[in-house]
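Understanding the architecture of this molecule
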Amino acid sequence: MPAVLYIGGFGRSGSTLLERVLEAQPTVVSLGEMVHLWTRGLRENELCECGSRFYDCSFWSAVGERAFGGWSAVDTDKVLGLLDAVDRQRRVFKTVLPVRRRTRQQILEYTGYYRAVYAAAASVTGAAVVVDSSKHASLALALVKDPRVDLRLLHLVRDSVAVAYSWSREVARPETAEAGEMMTRYSSFWASMLWMSNNLLVQLARLSDRPVQRLRYEDFVKAPNDILRRVWGALALPGHYSPDLSAPGGIDIPAGHSIGGNPMRFRKEPLVIKSDEVWRTRMNPRQRRAVKVLTAPVRYWLGYSRS
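All values reported here derive from a predicted model rather than from experimental measurement. (Residues numbered from 1 in each chain as written. Predicted model: local features only at pLDDT ≥ 70, side-chain atom pairs only at ≥ 80, totals over all residues. Heavy atoms only, no water.)

Overview of the pattern of salt bridges
Per the counting criterion, the structure on display carries 20 salt bridges. With a closest N to O distance of 2.8 Å, D150 and R152 form a salt bridge. For D209, the salt bridge identified is with R210, shortest N-O distance 3.8 Å. A single salt-bridge network, built from bridges that share partners, covers E46, R173, E175, E181 and R265. (Salt bridge = Lys/Arg side-chain N within 4 Å of Asp/Glu carboxyl O.)

See below:
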């Protein structure tokens, strides 16, 4: 099995940016939000990051063949049934403490599908590290239970106010077959609740013996070279992170094959790492104050508010 670098946390925290930067390392293959593979890939045949539909993508075809003998051999209804049983936020404690034998069996059967894809992706590309940016704490906690998955958890966090603003914006989904389909939006209240619950639940992975490292988006965009080399060592990932991310004109990263994620993964121009601060001037001050109040305890714990 390759080392699996799982990015945990809550959406709109910069995971797609981080994922693309990680992909600049020759020994890394990034799969995107693997939790959505079964619906967005197998069922809906959405666009891969390379621009091809899922079933037309040579990479995913090779992975499916290596993992299962072809994607047609995968019972999608069965996978989604297992997902509902052990990979839901409302079932987190059932997954963390699987008292019933049937639950333990369901967890290992479910993670077996991921394990097969991780191994196949590494085999097809020769990668030593596979990146899964699913972020869901529930999936991370299921994978922790599978001793055959060499899991390393990177907990990515971003200021709750910036995240809430991002979830309020209208963003098109270019990967879908239907033109004009938009990404999910949340109110400030629900974005605040989900930001807190997801970032807190990821901490349960620390009860295991798996390496866990926290990374703040704001620290990453300030010093990406130093931060990623530090993360690489802290998570004991194979080799060392070598790309130089400080070039003024950005860094060229070939199109990968991620499923799910921010639409920025489809951009072809050199990737420039800079902080997205538009929320500071465009977010309604009243909403900003509300998010700060709602998320105050967790913001303080993560170092975003010391007053």
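Once the structure has been displayed, the description carries forward.
A few points about the nonpolar core
Ranked by internal contacts, the top residues of the largest apolar core, which has 50 residues, are L31, L37, W38, W60 and W71. Within the residue set of this core, elements represented by two or more residues are β1 (3–9), α2 (37–43), α3 (58–68), α4 (76–86), α5 (92–96), α6 (101–125), α7 (137–144) and β4 (150–157). Ignoring anything within four residues of it in the chain, the contact list for W38 reads R43, W71, V74, T76, V79, L80, Y113, Y114 and V117. In terms of nonpolar packing, the next biggest core, distinct from the first, is built from 29 residues, I7, L22, I227 and I253 among them. (Core = buried A, V, L, I, M, F, W, Y, C linked by side-chain atoms within 4.5 Å. Buried < 20%, exposed > 50% of the residue type's maximum accessible area, 1.4 Å probe, protein only. Helix = DSSP H or I, 4+ residues; strand = E, 2+ residues; numbered from the N terminus. Contact = heavy atoms within 4.5 Å.)

Here's the deal with the packing of α4 against α6
Where α4 contacts α6, the axes come no closer than 9 Å and their chain directions differ by 130°. By the criterion of interaxial angle, the relationship of α4 to α6 is oblique. Two packed elements cross with a definite hand, and for α4 against α6 that hand is left-handed. Judged by residue contacts, K78, V79, L82, L83, A85 and V86 of α4 engage T103, Q106, I107, E109, Y110 and Y113 from α6. Residue composition of the contact of α4 with α6, by class: eight nonpolar, two polar and two charged. (Axes fitted to C-alpha atoms, helices over the stretch in contact; angles between N-to-C directions. Parallel < 35°, antiparallel > 145°, perpendicular 65-115°, else oblique. Left-handed = near helix turned anticlockwise from the far one by under 90°. Nonpolar A, V, L, I, M, F, W, Y, C, P; charged D, E, K, R; others polar.)

Details of the packing of aromatic side chains
Counted under the stated rule, the structure contains 15 aromatic pairs. An angle of 75° between the planes, with centres 6.0 Å apart, marks the rings of W38 and Y113 as edge-to-face. With W38 in helix α2 and Y113 in helix α6, the pair connects residues that are 75 residues apart, well separated along the chain. Relative accessible area serves as the criterion here: at 0%, W38 is assigned to the buried category. (Phe/Tyr/Trp six-rings, centres within 6.5 Å; stacked < 30°, edge-to-face > 60°.)

Focus: the sheet that holds strand β3 (residues 129–135)
The five strands are arranged β2-β3-β1-β4-β5 in an open sheet whose pairing can be described as parallel. With one partner strand each, in any of the chains shown, β2 (28–30) and β5 (212–216) form the two edges of the open sheet. When strand polarity is set aside, the average angle formed by the axes of neighbouring strands in this sheet is 25°. By the bridge criterion, three bridges tie β2 to β3 in an arrangement that is parallel. What sits directly across from S30, in β3, is V131. (Pairing = 2+ DSSP bridges.)

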